[in-house]
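Listed below, chain by chain, are the residues.
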Amino acid sequence: MTASSTTSRKALSKIASNRLQKELVEWQVNPPSGFKHKVTDNLQRWVIEVNGAPGTLYANETYQLQVDFPEHYPMEAPQVIFLPPAPLHPHIYSNGHICLDILYDSWSPAMTVSSICISILSMLSSSTVKQRPDDNDGYVKKCKNGRSPKETRWWFHDDKV
C-alpha cells in the first residue's frame, strides 16, 4: 500500500473496530503457532511476523505480513501482503502480493486474522519449489504505481503448490 492510499483510507466502522479489538484480545490469549503480532497503536494496520514451519522449504525463515483492514471489515476482506523481502513461492509476487483465493473471491466474514495466517502458512508449507510466479515481472511492472492486490482479477487455477 502506498503512502497516498494510506492517507485516503477511511476510518474503521464501529463494527470493524469492535471485531478487530476482539480478534486482538483472542490473539494475545491464543496466538496461532508460528506467528507474532508486532504491537503498534494502529488497529487498522497489523504487521505480523511469520516463521516458516519446521520440515518445510521455509523452515528457519522469517517474513512479515502487513494486514490493512478496510472500513467495513469483516464484511470486506483485508488487504494482506508480504513486506520485503517476500518469500520465493509460486503464488507470491516479488512485490509481496499473494495469490490466495480467501483474500479475494472466497473471503467470508467468518474468517479472522488467525485463519488468514494459518492459510498462508499452509500455502507456504505445502510448496515443493521456491520460485516466483511465471508472470512475476509483468505483474509487478503493472503494479508500479501502488496498485493494490485487491484491484487484480486473480485466476485461481493451481492448488497443487
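Summary of the structure given here.

On to the packing of aromatic side chains. Remark: the centre distance and the inter-plane angle together describe each pair of aromatic rings, the angle taken between the planes. One pass over the full model with this rule turns up 6 aromatic pairs. On the numbers, 6.1 Å between centres and 80° between planes, the contact of tyrosine 63 with phenylalanine 82 is edge-to-face. With tyrosine 63 in strand S3 (residues 62-68) and phenylalanine 82 in strand S4 (residues 79-82), the pair connects residues that are 19 residues apart, well separated along the chain. There is no split in this pair, since tyrosine 63 and phenylalanine 82 are both buried. Among the aromatic residues, ring-to-ring pairing joins Trp27, Trp46, Phe69, Tyr73 and Trp107 into one connected group.

Now for the nonpolar core. By size, the foremost hydrophobic cluster in this structure holds 36 residues, and its most contacted members are Trp46, Ile48, Leu65, Phe82, Ile98 and Ile120. Counting only elements with at least two residues in this core, the list comes to helix H2 (14-29), strand S2 (45-51), S3, S4 and helix H3 (113-125). Top contributing element to this core by residue count: H3, with 7 residues. Once residues lying within four places of it in the same chain are set aside, the contact partners of isoleucine 120 are Leu65, Val80, Phe82, Ile98 and Leu100. With 5 residues, the next largest nonpolar core counts Tyr93, Cys99, Tyr139 and Cys143 among its residues.

We now examine the side chain of glutamine 44. Note on placement: glutamine 44 falls in the loop between strand S1 (35-38) and S2. Only 2.7 Å separates the side chain of glutamine 44 from the backbone oxygen of lysine 10, close enough to count as a polar contact.

Over its 13 residues, H3 extends 18 Å from the first C-alpha to the last, a length consistent with the 18 Å expected when each residue adds 1.5 Å. Of the residues making up H3, those classed as buried are Val113, Ser114, Ile116, Cys117, Ile120, Leu121, Met123 and Leu124. The elements touched by buried residues of H3 are H2, S1, S2, S3 and S4.

Of note, glutamine 64 is situated in strand S3. Separated by 21 residues in the primary sequence, glutamine 64 and proline 85 place their C-alpha atoms 8.4 Å from one another. Not counting chain neighbours up to four residues away, the residues in contact with glutamine 64 comprise Lys38, Val47, Ile48, Ile81, Phe82 and Leu83.

Next up on the list: the sheet that holds S4. Read across the sheet, 4 strands follow the order S1-S2-S3-S4 without closing on themselves; strand pairing throughout is antiparallel. The open sheet has two edge strands, S1 and S4, and neither has a second partner. Across the sheet, the mean angle from the axis of one strand to that of its neighbour is 25°, orientation sign disregarded. Those strands touched by H2 are S1 and S2, and its axis lies near 30° from that of S2. Packed on one face of the sheet, H3 meets S1, S2, S3 and S4 and runs near 35° to S2.

The next subject is the environment of valine 140. Tracing the sequence through the fold places valine 140 in helix H4 (residues 136-142). Of the residues examined, valine 140 reaches a relative accessible area of 15% and is grouped as buried. Separated by 43 residues in the primary sequence, valine 140 and histidine 97 have C-alpha atoms spaced 8.9 Å apart. Setting aside its immediate chain neighbours within four residues, valine 140 contacts Tyr93, Ser94 and Asn95.

We now examine the pairing of S2. The element S2 is largely enclosed, with a buried count of 5 among its 7 residues. Across 4 bridges, S1 lies against S2 in antiparallel orientation. In the strand pairing of S2, phenylalanine 35 is matched with valine 50. Here S1 folds back onto S2 in antiparallel fashion, the turn holding 6 residues. Pairing of S2 with S3, which is carried by 7 bridges, proceeds in the antiparallel orientation. Bridge pairing in S3 links tryptophan 46 to valine 67.

Definitions and cut-offs
- Residues numbered from 1 in each chain as written.
- Predicted model: local features only at pLDDT ≥ 70, side-chain atom pairs only at ≥ 80, totals over all residues.
- Heavy atoms only, no water.
- Phe/Tyr/Trp six-rings, centres within 6.5 Å; stacked < 30°, edge-to-face > 60°.
- Helix = DSSP H or I, 4+ residues; strand = E, 2+ residues; numbered from the N terminus.
- Buried < 20%, exposed > 50% of the residue type's maximum accessible area, 1.4 Å probe, protein only.
- Core = buried A, V, L, I, M, F, W, Y, C linked by side-chain atoms within 4.5 Å.
- Contact = heavy atoms within 4.5 Å.
- Polar contact = N/O pair within 3.5 Å; in protein donor to acceptor, adjacent residues only side chain to side chain.
- Expected span 1.5 Å × (residues − 1).
- Pairing = 2+ DSSP bridges.
- Axes fitted to C-alpha atoms, helices over the stretch in contact; angles between N-to-C directions.

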